[in-house]
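# Summary of structural features
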Amino acid sequence: MIKIGLLGYGGRMGQVIAGEIAASTTATLVAGVVRSVKSEYKKTEGLLITTKADEAIAMSDVIIDFTLANATVANIQLAVTHKKPFVCGTTGLSAETTDALKKAAKTIPVLYASNTSLSLAVMKRATKLAAKLLAGFDYDVAILDEHHNMKKDAPSGTAKTLGEAVTEANGGKKQPTYASIRAGHIIGNHEVIFAGNGETIRLQHSVSDRRIFARGAVQAALWLYNKPAGFYGMDDVLGM
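All of the points below concern the structure found in this document.

What counts, and at which threshold
- Residues numbered from 1 in each chain as written.
- Predicted model: local features only at pLDDT ≥ 70, side-chain atom pairs only at ≥ 80, totals over all residues.
- Heavy atoms only, no water.
- Pairing = 2+ DSSP bridges.
- Helix = DSSP H or I, 4+ residues; strand = E, 2+ residues; numbered from the N terminus.
- Axes fitted to C-alpha atoms, helices over the stretch in contact; angles between N-to-C directions.
- Contact = heavy atoms within 4.5 Å.
- Parallel < 35°, antiparallel > 145°, perpendicular 65-115°, else oblique.
- Nonpolar A, V, L, I, M, F, W, Y, C, P; charged D, E, K, R; others polar.
- Core = buried A, V, L, I, M, F, W, Y, C linked by side-chain atoms within 4.5 Å.
- Buried < 20%, exposed > 50% of the residue type's maximum accessible area, 1.4 Å probe, protein only.
- 1 Å grid on protein atoms, 1.4 Å probe; cavity = no way out; pocket = protein on both sides within 12 Å on 5 of 7 lines; lining within 4 Å.
- Points joined across faces, edges and corners; volume = space filled by probe spheres on them.
- Expected span 1.5 Å × (residues − 1).
- Patch = residues over 30% accessible without salt bridge, like charges linked within 9 Å, V, L, I, M, F, W, Y side chains within 5 Å.
- Areas by Shrake-Rupley, 256 points an atom, 1.4 Å probe, with all protein chains shown as cover.
- Salt bridge = Lys/Arg side-chain N within 4 Å of Asp/Glu carboxyl O.
- Arc of directions from axis to C-beta.

### So, the sheet that holds strand β10 (residues 200-207)
The sheet built from four strands is open, its strands ordered β8-β7-β9-β10 with mixed pairing. The two strands at the open ends of the sheet, each matched to only one other strand, are β8 (177-182) and β10. Pairs of neighbouring strands in the sheet enclose a mean axial angle of 10°, with direction left out of account. One ladder, built from eight bridges, connects strand β9 (residues 188-195) with β10; its direction is antiparallel. By the bridge assignment, G188 is partnered in β10 with V207. Where helix α6 (residues 157-170) meets the sheet, it contacts β7 (140-147), β8 and β9, and its direction lies at approximately 165° from that of β7.

### Quick word on the packing of helix α3 (residues 72-82) against helix α4 (residues 95-104)
When two helices pack together, their arrangement is captured by the angle between the axes and the distance separating the axes. Contact geometry for α3 and α4: axes closest at 9 Å, N-to-C directions at 5°. Taken together, the axis directions place α3 and α4 in an arrangement best described as roughly parallel. On α4, the residues touching T72, V73, I76 and V80 of α3 are T97, A100, L101 and A104. For the contact of α3 with α4, the per-class residue count stands at six nonpolar, two polar and no charged.

### Concerning the nonpolar core
A general feature of soluble globular proteins is that nonpolar side chains tend to end up buried together. One finds I4, Y9, I17, L29, I64 and L111 to be the most contacted residues of the largest nonpolar core, which totals 32 residues. Mapped onto this core, the elements with two or more residues apiece are β1 (2-7), α1 (12-22), β2 (27-33), β4 (62-65), α7 (211-224) and α8 (234-237). With seven residues, α7 is the single largest residue contributor to this core. Excluding residues that lie within four positions of it along the chain, L29 makes contacts with I4, L6, Y9, A18, I21, G46 and L47.

### Topic: the layout of surface pockets
Volume-wise, the largest pocket comes out at about 1,300 Å³. Along the walls of the largest pocket sit 42 residues, with R12, M13, F66, T67 and L68 positioned nearest its centre. Tallied by class, the residues present in the lining of the largest pocket amount to 15 nonpolar, 20 polar and seven charged. Volume-wise, the second largest pocket comes out at about 710 Å³. The set of elements that each furnish at least two residues to the lining of the second largest pocket consists of α4, α5 (118-133), α6, β11 (230-232) and α8. Grouping the amino acids of the lining of the second largest pocket by side-chain chemistry returns 10 nonpolar, nine polar and 10 charged.

### Some details on α5
An ideal rise of 1.5 Å per residue puts 22 Å on 16 residues; α5 measures up with 24 Å between its terminal C-alpha atoms. Those residues of α5 not exposed but buried are L120, A121, M123, T127, A130 and A131. On its buried face, α5 is in contact with α6, β9, β10 and α8.

### Some thoughts on a nonpolar patch on the surface
Taken together, the side chains of V122, L238 and M240 make up a nonpolar region of the molecular surface, amounting to roughly 240 Å² of accessible area. Along the chain, V122 turns up in helix α5. For V122, a relative accessible area of 46% corresponds to the partly exposed category.

### Quick word on α1
Residues of α1 that are buried include every one of M13, G14, I17, A18, E20 and I21, and no others. On an axial view of α1, the arc spanned by its buried residues comes to 160°, and they lie on one face. The inward-facing, buried residues of α1 abut β1, β2, β4 and α7.

In C-alpha cells, the structure reads:
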C-alpha cells in the first residue's frame, strides 16, 4: 500500500480526499496535517493527525497538498528535504510560488494542477486545439468561472490555466478576458467562449460533485509515486 500524507486534512477538500483514500485498495492515509487538532476528527488506526508538516511528510511515500497558497513554499521545501513526491492542488499561487515548485521538480517529482479533475485536462486540450485553429481569424476569447461564495481567488486557478492554454496555442495573438461569479454553493463551472462575427463556440466543464477533484488528486498521487524528478500535470496522468 502506498502511504499518503495529506496537507490540509481539516479543510473541506481535505476531508473529501481522505474519504477517497479510505476507499482505495492501493493507498492508505498515514498522516493528516491540520492547523489545530480537534476532537471531532475521526480517529483511525494508523492515522496520525498533526500540526507538524515535517512529521507527516517524513512518514509518507507521497504527499498531497490542498492547503493555502502562503503555505506552499514551506511545504514543498520539506518535501525536497525528505525526497518525497509532491502533488499540489492549492490554487491562487503566485508566480514566485509556482517557480518554487518548478525548482523543486529538479530534485523530486512534482505534480501541480489548479484543477485535479481528469476531464478538465481534456477540456484544456480542446481549448488549445480551438485556439490554435482560430488563431489567424478574428475571434475574441472570454473565460467564465463560477464558484461558491467562499472561494477567495478570482479568476480561479482553473480559469487562468485555461487562459494560458489559449495564449500558448495562439501565440499570444488574442488575450482572453475573464469574468468570475462567486455565489451560493456552486462547486465549479468553467466556460471558454470563442466569439466571432455571427458565430460562437462554447467549451464548458461543469462539476456537480466535489469528489471529482478528490478522486483526481488521489489518482495523481498514485501515478506520481516512483516517477523520476520532474514537473508534471494532469495531462501526464492521462498520458497526453
